[in-house]
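Residues per chain are reported as follows:
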Amino acid sequence: MKRTQNKDLANFISNRIDEILLLTGLTLEQLAILSDVGTSAIRSYHSGTLPISVETLDKILTKTTIELHDFFNSQTALTIDQDTQTKIDRLKQQQQEKEQKHLAQEVKKSYKEKPTSTGLKREREYIAYIIYSTDYFNMPKTIEQMTTDFEDDHELTLESGRIYELLRKYVDKELVRTEIIKKNIDNTDSKIRVFAYSKNF
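Since this is a predicted model, take the numbers as computed values, not measurements. (Residues numbered from 1 in each chain as written. Predicted model: local features only at pLDDT ≥ 70, side-chain atom pairs only at ≥ 80, totals over all residues. Heavy atoms only, no water.)

Counting 23 residues, the largest nonpolar core has Ile20, Leu26, Leu31, Ile42, Ile60, Ile66 and Phe71 as its most contacted members. Looking at this core, the elements with two or more residues in it are helix H1 (7-24), helix H2 (28-35), helix H3 (39-47), helix H4 (54-63) and helix H6 (82-109). Residues within four places of Ile42 in sequence aside, it is in contact with Leu28, Leu31, Ala32, Val37 and Ile60. Core analysis: the next-biggest nonpolar cluster, separate from the first, contains 22 residues, Tyr126, Tyr136, Ile143 and Val171 among them. (Core = buried A, V, L, I, M, F, W, Y, C linked by side-chain atoms within 4.5 Å. Buried < 20%, exposed > 50% of the residue type's maximum accessible area, 1.4 Å probe, protein only. Helix = DSSP H or I, 4+ residues; strand = E, 2+ residues; numbered from the N terminus. Contact = heavy atoms within 4.5 Å.)

Structure below.
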């Protein structure tokens, strides 16, 4: 694609877009979503390979509450009011959650089948398979229960410390960890801390 004829203007606009990104903490893709401008188009405006129309620029500036005359005044520092920044932060949060959900779905797809690997890799992949592709963690399970269940149901022999180590990366994402009170023989509360793990629905 041909570059914009006025290179100085294209560079100025590109630099101003960089200022907006720095000011808001948005990525180019997020700025495109916020402004309802095509992602590939905004990349081209930013790189200077496509001239931007005043109407499109106005869409971007309106969403970021930047005045058109301020944008083109090189002596004026760009600013964004607090209400707009709050909306932008909310958009960024929504986008991050959407990306994380998409990533989780992709990860889940990759663990549909029981792993055929060996050694430590098999242990890691088998824990992921149990979490993503079975209903085992629909009900809370202690590590003590897991040592028995994994060996009986999956021929996966793991020490309790190894299970704890493998589960740590999933806590607060796929799993929640809750403390449970165990009872002594005399029905008093045990002082030993015991945790159960379950799906983070």
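Turning our attention to H2. Of all eight residues in H2, six are buried; the element is thus mostly enclosed. Buried within H2 we find Leu28, Gln30, Leu31, Ala32, Leu34 and Ser35. Turning to H2, the residues buried within the fold contact H1, H3, H4 and H6. Just downstream of H2, Asp36 is the residue with a positive phi angle, here 60°.

Here the focus is the confidence of the model for the protein. Across the protein, the average pLDDT comes to 89, with 98% of residues at 70 or higher. Mean pLDDT in the protein bottoms out at H6, which sits at 84, and peaks at strand E1 (residues 141-142), which reaches 95. (pLDDT = per-residue confidence, 0-100.)

So, about the layout of surface pockets. Which parts of space are left empty comes out when a probe the size of a water molecule is rolled across the atoms. Put simply, the largest pocket is a space of about 590 Å³. Taken together, 18 residues line the largest pocket, and the ones lying closest to its centre are Gln100, Ala104, Tyr132, Lys173 and Glu174. Within the residue set of the lining of the largest pocket, elements represented by two or more residues are H6 and helix H7 (119-133). Looking at the lining of the largest pocket element by element, the count peaks at seven residues for H6. Here the lining of the largest pocket is built from residues that sort into nine nonpolar, three polar and six charged. Size it by volume and the second largest pocket reaches roughly 160 Å³. Lining the second largest pocket are Thr142, Ile143, Glu144, Tyr164, Arg177, Lys182, Ile192, Arg193, Val194, Phe195 and Tyr197. Sorting the residues of the lining of the second largest pocket by element identifies helix H8 (143-154) and strand E3 (194-199) as the ones contributing at least two each. Tallying contributions element by element places E3 first for the lining of the second largest pocket, with three residues. Per-class residue counts for the lining of the second largest pocket are six nonpolar, one polar and four charged. (1 Å grid on protein atoms, 1.4 Å probe; cavity = no way out; pocket = protein on both sides within 12 Å on 5 of 7 lines; lining within 4 Å. Points joined across faces, edges and corners; volume = space filled by probe spheres on them. Nonpolar A, V, L, I, M, F, W, Y, C, P; charged D, E, K, R; others polar.)

Across all of its chains, the model carries six salt bridges by this definition. Linking Arg16 and Glu19 is a salt bridge whose minimum nitrogen-to-oxygen distance equals 2.9 Å. On the criterion of helical spacing, the pair formed by Arg16 and Glu19 is a turn pair, its members being three residues apart in helix H1. Taking relative accessible area as the criterion, Arg16 reaches 3% and is therefore assigned buried. You can call Glu19 partly exposed: its relative accessible area is 33%. (Salt bridge = Lys/Arg side-chain N within 4 Å of Asp/Glu carboxyl O.)

Turning our eyes to something else, we now look at the sheet that holds E3. With antiparallel pairing, three strands are arranged side by side in an open sheet as E1-E3-E2. Since the sheet does not close on itself, it has two edges, and those belong to E1 and strand E2 (175-180), each with one partner. (Pairing = 2+ DSSP bridges.)

With that out of the way, let us pick up a nonpolar patch on the surface. Where nonpolar side chains cluster on the molecular surface, the patch consists of Leu9, Val54, Leu68 and Phe72 and spans about 320 Å² of accessible area. Along the chain, Phe72 turns up in helix H5 (residues 68-72). (Patch = residues over 30% accessible without salt bridge, like charges linked within 9 Å, V, L, I, M, F, W, Y side chains within 5 Å. Areas by Shrake-Rupley, 256 points an atom, 1.4 Å probe, with all protein chains shown as cover.)

Our next topic: the packing of H8 against helix H9 (residues 160-167). To describe two helices that pack against each other, one gives the angle between their axes and the distance between the axes. Contact geometry of H8 with H9 gives a least axis separation of 9 Å together with a crossing angle of 100°. What the angle tells us is that H8 and H9 run roughly perpendicular. Residues Ile143, Met146, Thr147 and Phe150 of H8 form the contact with H9, whose own contacting residues are Ser160, Ile163, Tyr164 and Leu167. Tallied by class, the residues present in the contact of H8 with H9 amount to six nonpolar, two polar and no charged. (Axes fitted to C-alpha atoms, helices over the stretch in contact; angles between N-to-C directions. Parallel < 35°, antiparallel > 145°, perpendicular 65-115°, else oblique.)

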